[in-house]
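# Topology and contacts: notes
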Amino acid sequence: MSYDPRFDRYRSPNFKRPKPSGDSLRDSFAARTLWGKQAKPKVSGSFGRSPQQTAPPWRRPVERLKRSKFRLWAVWAVLMLGGLGLAVNLFYLQVTRAPALRKQAEQQQTLKTKPFVPRRPIVDRAGNVLAIDRQVYTLYAHPKLFNHSKAEIAAKLAPMLAIELSPGTTSETELLRRFNLGESGITIADSLAQEVADRVAQMQIKDSPVDGLELVRQQQRFYPQQELAADILGYVDGERKGQAGVEYSQQNLLERSMPSIQFSRSSNGNWVPDRLTAGFVQLDDLKLQLTIDSRLQGAARIALKENMKEHEAKRGTVIVMDARNGELLSVVAEPSYDPNQYFNFDLSRYKNWAVTDVYEPGSTFKAINVAIALEAGAVKPNTVFNDEGRIYMDVWTIQNSDYQSAGARGPSTVTEILKHSSNVGMVHVMRSMKASLYYQALEKIGLGQTAGTDLPFEVTSQLKNREQFINSPVEVATTAFGQGFSITPMQLVQLNGALANGGKLVTPHVVQGLFDREGQAYWKLPRAVPKQVFSPETTKKVLDMMETVVDGGTGKAAQIPGYRIAGKTGTAQKANGGGGYSKNAIITSFVGIMPVEAPRYVVLAVIDEPKGGTGGSVAAPIVESVMEALISIEKIAPSK
């Protein structure tokens, strides 16, 4: 037998291949090929196989064909399912999510921003700058880029910078310490003025510029008067938002209106502005003008600080108002803060407690009560009441503050009761009118409401509800001498302003409006029409009675030779959280009105928790000092 490589088998030399028929030729072709490729039959270890071990030759190609068809159908199914999935996903992306994707693409390819525009400056009534934006710099050091030694750079840089030092260190050693904090990005100083930044930028060592120092420019709100008007101005935070004072309440006036600029991303990835026209950024010359007088503000702050230090007081406030129109010439609160460095002070200092806190006004409210009684026709200035010095109401004892020394004063007119600040006398005065009418009058003058000032965070005054007030005689009695209810110092100034201007309740305010560089008004803040709460006749009588308080009563410390001054003292126990009154803590105050012949100015001083003293000895001298300054500034002529 010989081996035939064509068929991979052995065959006899005498073997003759039979002539294939059509069927056998087809079967032979199917056996030798599979889809056009030669099939290599498997060869076992023997020369042949038994019929039981192998399928008939004509069946094997059929089975392979069936498996091939199955694979085709499987591939077709996978392709169809994949195509269907792609179609569904395409519909989801192109139809369902199209708006969201379009918006996302716009956000990625476009950018809208507003150009930096400085806030409008704030000036006082005379045009003196109180707040303005300025360009400042932050100095960074990158020691890895230094081309001179650290010691040389520190020695050259130290005289230019005001660096906060710890005990026992110098500016040079402190700079060296900071240079050694890292290789790059070390903050050396911030808020550097333009002239300081120029000197740093031009610094040279051995006729060679210094590398490794970086100046980053930024805008900063600057308050040249520091704490002078901090209680009125407030401050601007790092995000350019006002957080107190008029910087907060007048944010819309201080921010210049500017349209947004749209940027599109170019092919190289850079942002390019769209459609910028000539003169796009235009800055107006408007400034926010206040009613404050910086000279008077400074005098009031000095007087308040000195008095608080002398009496070791917790806090204090001084307010000066023009009673004709409600313009506030001065608003001072202590302790205060420097708005240039607001971050170095406690949060409690940011609020102006002249409008954010209420207190029981005590005897300074007695003049208002007398005006209510006179307006109601219940009493006259010469109406006489018996001042026993001490009375009892239910379980409560009411007595005069000087009862231990003065005792009972006996028959006293309303004028004398106000002059000596008699608590018992005031109880008799206010009990001469119906409790319901008294309560109605308190509501009419604004108790339970705010004064309506344009300073932010003002709180409402507190008054007992009508039923409790009318049905409790002791409520009427305590309210008669200024306790049992609470008001802000600002509202007390407003009420005394009504006594000075003929009975009108004007709105205290610090904002005049927006003015241009020529001093012309561009816009003025609208004001409410004053409410008439007392008649001019009533207010004149009350002022004459208040003048006796300064001439020979409890307010003699407020006298100024040659000038007629009306006033009222107040010394009130402080309410505590338990519903009663503190045995030691008091709040003293004095309100003055001048000049009596042509009343115009109201000055209030309130001192919280002084160590001893009364309204006449603690607060009245402050008002006297402020009025002296007011006379000089406003050139008020002496009374005839």
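## Focus on the packing of aromatic side chains
In the structure shown here, the tally under the stated rule is twelve aromatic pairs. Their ring planes at 65° and their centres at 5.2 Å tell us that Tyr-337 and Tyr-350 sit as a pair that is edge-to-face. Note that Tyr-337 is positioned in the loop between strand S16 (327-334) and helix H11 (353-356) and Tyr-350 in the loop between S16 and H11, a separation of 13 residues in sequence. The class for Tyr-350 is buried, based on a relative accessible area of 14%. Site record: aromatic cluster; members linked through ring pairs are Tyr-235, Tyr-337, Tyr-342, Phe-343, Phe-345 and Tyr-350. Lying across the ring of Phe-222, Arg-134 places its NZ or CZ 4.0 Å from the centre.

## Side note on a nonpolar patch on the surface
The grouping of Trp-73, Trp-76 and Met-80 at the surface amounts to a nonpolar patch, some 410 Å² of accessible area in total. When you line up the elements, Trp-76 lands in helix H2 (residues 60-96).

## What to know about the sheet that holds S16
Strand pairing in a sheet is mediated by backbone hydrogen bonds. Such pairs are either parallel or antiparallel. With respect to topology, five strands assemble into an open sheet ordered S16-S15-S27-S26-S25, the strand pairing being antiparallel. Of all strands in the sheet, those with a lone pairing partner are S16 and strand S25 (566-575), marking the two edges. Strand-to-strand twist across the sheet, computed as the mean angle between neighbouring axes with direction ignored, equals 10°. Bridge count between strand S15 (residues 315-322) and S16: seven bridges; the pairing is antiparallel.

## Observations regarding helix H4 (residues 150-157)
Along H4, the residues that are buried comprise Ile-153, Ala-154 and Leu-157. Around the axis of H4, the buried residues are gathered within 100° of arc, so they sit on the same side. Buried residues along H4 sit against strand S7 (129-141), helix H5 (171-179), strand S8 (186-192), helix H6 (194-201), strand S9 (204-205) and strand S11 (213-222).

## Structural notes on the environment of Pro-536
Within the secondary structure layout, Pro-536 lies in helix H20 (residues 536-552). Judged by relative accessible area, which is 48%, Pro-536 ranks as partly exposed. Sequence separation between Pro-536 and Asn-501 is 35 residues; the distance between their C-alpha atoms is 7.9 Å.

## Regarding the pairing of S15
In summary, the side chains of a regular strand alternate between the two faces of the sheet. Of all the eight residues making up S15, eight are buried; the element is thus mostly covered by neighbouring parts of the structure. Across eight bridges, the pairing between S15 and strand S27 (residues 601-608) is antiparallel. Bridge pairing in S27 links Thr-317 to Val-606. Linking two consecutive strands that pair antiparallel, namely S15 and S16, is a turn of four residues; a positive phi of about 85° is found at Gly-326 within it.

## Describing unusual backbone geometry
A cis amide bond links Glu-334 with the next residue in sequence, Pro-335, at an omega value of 0°. Position of Pro-335 among the secondary structure elements: in the loop between S16 and H11. A cis amide bond links Met-594 to the next residue, Pro-595, at an omega of -20°. By the element assignment, Pro-595 lies in the loop between strand S26 (581-594) and S27. In the Ramachandran plot, Gln-226 falls in the positive-phi region, its phi being about 55° despite a non-glycine side chain.

Parameters at a glance
Residues numbered from 1 in each chain as written. Predicted model: local features only at pLDDT ≥ 70, side-chain atom pairs only at ≥ 80, totals over all residues. Heavy atoms only, no water. Phe/Tyr/Trp six-rings, centres within 6.5 Å; stacked < 30°, edge-to-face > 60°. Helix = DSSP H or I, 4+ residues; strand = E, 2+ residues; numbered from the N terminus. Buried < 20%, exposed > 50% of the residue type's maximum accessible area, 1.4 Å probe, protein only. Lys NZ or Arg CZ within 6 Å of the ring centre and 35° of its normal. Patch = residues over 30% accessible without salt bridge, like charges linked within 9 Å, V, L, I, M, F, W, Y side chains within 5 Å. Areas by Shrake-Rupley, 256 points an atom, 1.4 Å probe, with all protein chains shown as cover. Salt bridge = Lys/Arg side-chain N within 4 Å of Asp/Glu carboxyl O. Pairing = 2+ DSSP bridges. Axes fitted to C-alpha atoms, helices over the stretch in contact; angles between N-to-C directions. Arc of directions from axis to C-beta. Contact = heavy atoms within 4.5 Å.

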